[in-house]
Amino acid sequence: MVLGVEFAPLSIPLKRRLQTSAVILFICLFLLGHTVAWIVVLLLAVIPIFTPFIVAYLFWIFKWDKQTPFNGGRPFGCLRRFKAWEYFRDYFPISLRREVPLDPAGTYLFGCHPHGVASMGAVCNFMTDATGFSEKFPGVDMRLLTLDVQFEMPIWRDLLMAQGMASVSKSSCLHCLNNRTSIAIVIGGAAEALDARPGSTELTLSSRRGFIKMAMYSGASLVPTFSFGENDLYNQVQNPPGSRLRELQTKFTKRMGFSPPLFHGRGIFNYTFGFMPHRRPVTTIVGKPIAVDKVPESEKLNPEEIERLWQCYVDGLHEIFEAHKLEFGFSDDDHLHIN
């Protein structure tokens, strides 16, 4: 350790270097992918030989292909099985467990908790097949959903769709579910990311009812999931509710649609500070499905049934946490807090 910084040893096995490289690539894309995509497009646009192709591409994505992210996307199965995702998985490592099998004939709405800073568990388990999703849930076609703004970036949008992502808008959710495509949503969203720190059990869920309505209109079963260790991957500057920092972050989130958590993890060559996540295990537990009766979209939803299903879903999350919390370092006194 030098000046309070713990440096990584020079002699590191090749396998661990590959794991680190896979995560570096993901973090760079997570933080800069949108910007780099626009820079590449603009640079190519000013080169005469490429100009007509770029103009045609932009016309295509903003005119003819604009609705594809809202219609289930354009997944390429081979990317879910890309070798780099296995190195990404093993860096932490990330694993997936199921409490019960799911009927391949069913359609499911998976709720992912907690959000964490970057939703590593949701990405690895539901956007890739690195943790064996297709083996644990055979016959279940899956899309991980994200914000609409992600699909307004050229190149970036196509990479996300190829990986199996789609829009989290209402029309997109219903299109997927009504076409027997299951979806995974990080329900706490940007607000929950502001509570992501080691040991946190805070979930942003008390005002969330939209996912319940999507399940009712489609008849999809609700499946609660909880990723133990997700909040341990990064440290975050203290921002308790009511603090000036939290007020600014909340205002930013409401205006921009995504949150700006002030986080840090480890570095590439040190274990003390940087944007890399800590090497800490993440285990996602997939709970029991909650059956939902389909309601025609032309009918008004029963508020009492919405609340009943919401409570069943919350109870399912509590059940997962209470059953496994001691295994993952929590105490008997630790419980989920629904905000």
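Residues numbered from 1 in each chain as written. Predicted model: local features only at pLDDT ≥ 70, side-chain atom pairs only at ≥ 80, totals over all residues. Heavy atoms only, no water.

Asker: It is not clear to me how the overall build of the protein chain should be interpreted in this structure. Could you clarify?
Answerer: From N to C terminus, the protein chain includes 12 helices and 11 strands. Against the compact-globule benchmark of 20 Å for 339 residues, the protein chain has a radius of gyration of 21 Å, which places it among compact chains. Its C-alpha atoms give the protein chain principal-axis dimensions of roughly 60 × 55 × 45 Å. Considering the protein chain as a whole, with its 339 residues, one finds that 49% of them fall into the buried category. When contacts within the protein chain are restricted to residue pairs at least 6 apart in sequence, long-range pairs at least 24 apart make up 78% of them. For the protein chain, the accessible surface area stands at approximately 16700 Å², while carbon and sulfur atoms represent 63% of it. (Helix = DSSP H or I, 4+ residues; strand = E, 2+ residues; numbered from the N terminus. Rg over C-alpha atoms; globule rule 2.2 N^0.38 Å. Buried < 20%, exposed > 50% of the residue type's maximum accessible area, 1.4 Å probe, protein only. Contact = heavy atoms within 4.5 Å. Areas by Shrake-Rupley, 256 points an atom, 1.4 Å probe, with all protein chains shown as cover.)

Asker: Explain the sheet that holds strand β5 (residues 182-186) here, please?
Answerer: Sheet strands associate in pairs through backbone hydrogen bonding, adopting either a parallel or an antiparallel arrangement. The strand order β1-β10-β7-β2-β5-β3-β4 describes an open sheet built from seven strands, whose pairing is mixed. If you trace the sheet from one side to the other, it starts and ends with β1 (94-98) and β4 (165-167), each paired once. Each adjacent strand pair in this sheet contributes to an overall mean axis angle of 30°, direction not counted. The sheet contact formed by β1 and strand β10 (residues 282-286) spans five bridges and is parallel. (Pairing = 2+ DSSP bridges. Axes fitted to C-alpha atoms, helices over the stretch in contact; angles between N-to-C directions.)

Asker: Can you walk me through the pattern of salt bridges in this structure?
Answerer: It is possible for side chains bearing opposite charge to pair when their charged atoms get close. This structure, assessed with the given rule, holds 14 salt bridges. Among the ionic pairs, Arg157 bridges to Asp65, the shortest N-O distance being 3.0 Å. Within this pair, whereas Arg157 is found in helix α7 (residues 156-163), its partner Asp65 is found in the loop between α2 (51-64) and α3 (77-80), the two being separated by 92 residues in sequence. Asp65 shares its class with Arg157; the two are buried. (Salt bridge = Lys/Arg side-chain N within 4 Å of Asp/Glu carboxyl O.)

Asker: Explain a nonpolar patch on the surface to me, please; I cannot follow it from the model alone.
Answerer: Taken together, the side chains of Phe30, Leu31, Leu32, Val36, Val40, Ile155, Leu159 and Phe275 present a nonpolar region at the surface, about 660 Å² in accessible area. Along the polypeptide, Leu32 turns up in helix α1 (residues 14-45). (Patch = residues over 30% accessible without salt bridge, like charges linked within 9 Å, V, L, I, M, F, W, Y side chains within 5 Å.)

Asker: Could you clarify how one ought to interpret the packing of aromatic side chains in this entry?
Answerer: Ring pairs (aromatic) are described by centroid distance and by the angle formed between their planes. Within this structure, the stated rule accounts for 23 aromatic pairs. Judged by centre distance (6.0 Å) and plane angle (65°), the rings of Phe110 and Phe133 are edge-to-face. Taken together, the positions of Phe110 in strand β2 (residues 108-113) and Phe133 in helix α6 (residues 133-136) put the pair 23 residues apart, joining distant regions of the chain. Here the two residues Phe110 and Phe133 agree in accessibility, since each one is buried. Overall, the relative accessible area of 1% leaves Phe133 in the buried class. (Phe/Tyr/Trp six-rings, centres within 6.5 Å; stacked < 30°, edge-to-face > 60°.)

Asker: What should I look at first to understand unusual backbone geometry in this one?
Answerer: Of all residues except glycine, most have a negative phi; of all peptide bonds, most are trans. A cis amide bond links Phe92 to the next residue, Pro93, at an omega of 0°. Looking at where Pro93 falls in the secondary structure, it is placed in the loop between α4 (83-91) and β1. In this structure, Pro114 follows His113 across a cis peptide bond, with omega equal to -15°. Topologically, Pro114 is positioned in the loop between β2 and α5 (120-127). The backbone of Ile155 shows a phi angle near 70°, a positive value even though the residue is not glycine.

Asker: What should I look at first to understand the pairing of strand β3 (residues 142-146) in this one?
Answerer: Taken residue by residue, a regular strand's side chains alternate between the two faces of the sheet. In terms of burial, β3 is largely enclosed, as five of its five residues are buried. Here β3 shows two buried faces, one formed by Met142, Leu144 and Thr146 and the other by Arg143 and Leu145. Sheet topology places β3 next to β5; three bridges connect them, and they run parallel. Note on β5: the bridge partner recorded for Leu144 is Ala184. Strand direction decides the pairing type here: β3 and β4, joined by three bridges, are parallel. Looking at the pairing, Thr146 lines up with Ser167 of β4.

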